[in-house]
Amino acid sequence: MRNAPADDDFSRSDIGRARREAMSLVRESRYGDAAGVLAEVAVPASRNLGAADPDVIGLRGQLADVLFASQDHRQAAREFRQIADDLLLEPEPDHEQISQCRLQEATCHVHAGDPELALHIMRELLADEMSRFPEDDARLLELRRQIGELEVGVGDVDKARVTLTDLRNDLTRLYGPDHGATIRVSELLASLS
C-alpha cells in the first residue's frame with residue numbers, strides 16, 4: 001500500500017490488505033515498512049469504523065506487535081496503552097483483552113529500560129484484576145510472580161521478599177509444596193538470601 005486511503009474512499013477491506021502486506025514485509029524483516037503500512041490505515045480505519053471496532057483493534061494490535069518486534073518498545077507501549085484505553089471506553093469492555101494490552105505495555109517498558117514504570121503498570125493491573133477474579137485465580141498468581149520477579153530486577157529485594165513469600169504461602173496452600181509453581185517461587189526466594 002503506497003498511500004493510505006482517504007476517509008471518503010476507505011473500506012473495511014483496506015484493513016485486510018494492509019495486514020497482509022505488513023505480514024509479507026515482516027517476513028522480509030522490513031519492520032519499519034510494515035509498521036508504516038499499518039499506521040497509515042489505522043487512522044482512517046479508526047475514524048470510519050471507530051477505534052474499538054474489532055477489525056481496527058486487530059490492525060492496531062498488529063501494529064503494536066510489529067513495533068515491539070522492531071524494538072521500538074516505547075512506541076509499542078504507547079500503542080498497547082491506547083488500545084487498552086479505547087477498549088475501556090466501550091459500553092461492555094473486553095477486560096481480558098484490556099489486561100493483555102496492559103501486560104504487553106508493561107513488557108514494552110521493561111524492554112525499553114524502564115522497569116519501574118512496568119512495575120507500576122503491573123501493580124495497577126493486579127489491583128484491577130483482584131476486583132474481577134478470586135484471589136486464587138491462576139492469572140492473579142502468575143501476575144504476582146511476575147511482579148515479584150520484576151521487584152527483584154529493579155533491586156527492591158525487601159518488597160520482592162514480601163511479594164514472593166505471600167505468593168509461596170498461597171501456592172503451598174493451593175497446590176502443595178511440591179508443585180512446580182511453588183518450587184519456582186521457593187527457589188527465587190532462596191536466591192534472595
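The coordinates are above.
Keep in mind that what you see is a predicted model, and the values were worked out from it rather than measured. (Residues numbered from 1 in each chain as written. Predicted model: local features only at pLDDT ≥ 70, side-chain atom pairs only at ≥ 80, totals over all residues. Heavy atoms only, no water.)

**A look at the overall build of the chain**
In terms of regular secondary structure, the chain is built from 9 helices and 0 strands. Along its sequence from the N terminus, the chain presents helices and strands in the succession α-α-α-α-α-α-α-α-α. Taken along its principal axes, the extent of the C-alpha atoms in the chain is 60 × 35 × 25 Å. Relative to its 193 residues, the chain shows a buried fraction of 39%. Nonlocal contacts in the chain, meaning residues at least 24 apart in sequence, comprise 51% of its contacts between residues at least 6 apart. Counting only carbon and sulfur atoms, one obtains 50% of the accessible surface of the chain, whose full area is about 10200 Å². Counting 23 positive and 37 negative side-chain charges, the chain places the centres of these two groups 2 Å from one another. (Helix = DSSP H or I, 4+ residues; strand = E, 2+ residues; numbered from the N terminus. Buried < 20%, exposed > 50% of the residue type's maximum accessible area, 1.4 Å probe, protein only. Contact = heavy atoms within 4.5 Å. Areas by Shrake-Rupley, 256 points an atom, 1.4 Å probe, with all protein chains shown as cover. Lys, Arg positive; Asp, Glu negative; His and termini not counted. Charge placed at Lys NZ, Arg CZ, Asp CG, Glu CD.)

**Re the packing of helix α8 (residues 157-175) against helix α9 (residues 180-192)**
Contact geometry of α8 with α9 gives a least axis separation of 9 Å together with a crossing angle of 155 degrees. Classed by the angle they form, the pair α8 and α9 counts as roughly antiparallel. In the crossing of α8 with α9, the sense of the turn from one axis to the other is left-handed. Across the interface between the two elements, V157, A160, R161, L164, T165, L167, R168, L171, T172 and Y175 from α8 touch A181, T182, V185, S186, L188, L189 and L192 from α9. Split into classes, the residues belonging to the contact of α8 with α9 amount to 11 nonpolar, 4 polar and 2 charged. (Axes fitted to C-alpha atoms, helices over the stretch in contact; angles between N-to-C directions. Parallel < 35°, antiparallel > 145°, perpendicular 65-115°, else oblique. Left-handed = near helix turned anticlockwise from the far one by under 90°. Nonpolar A, V, L, I, M, F, W, Y, C, P; charged D, E, K, R; others polar.)

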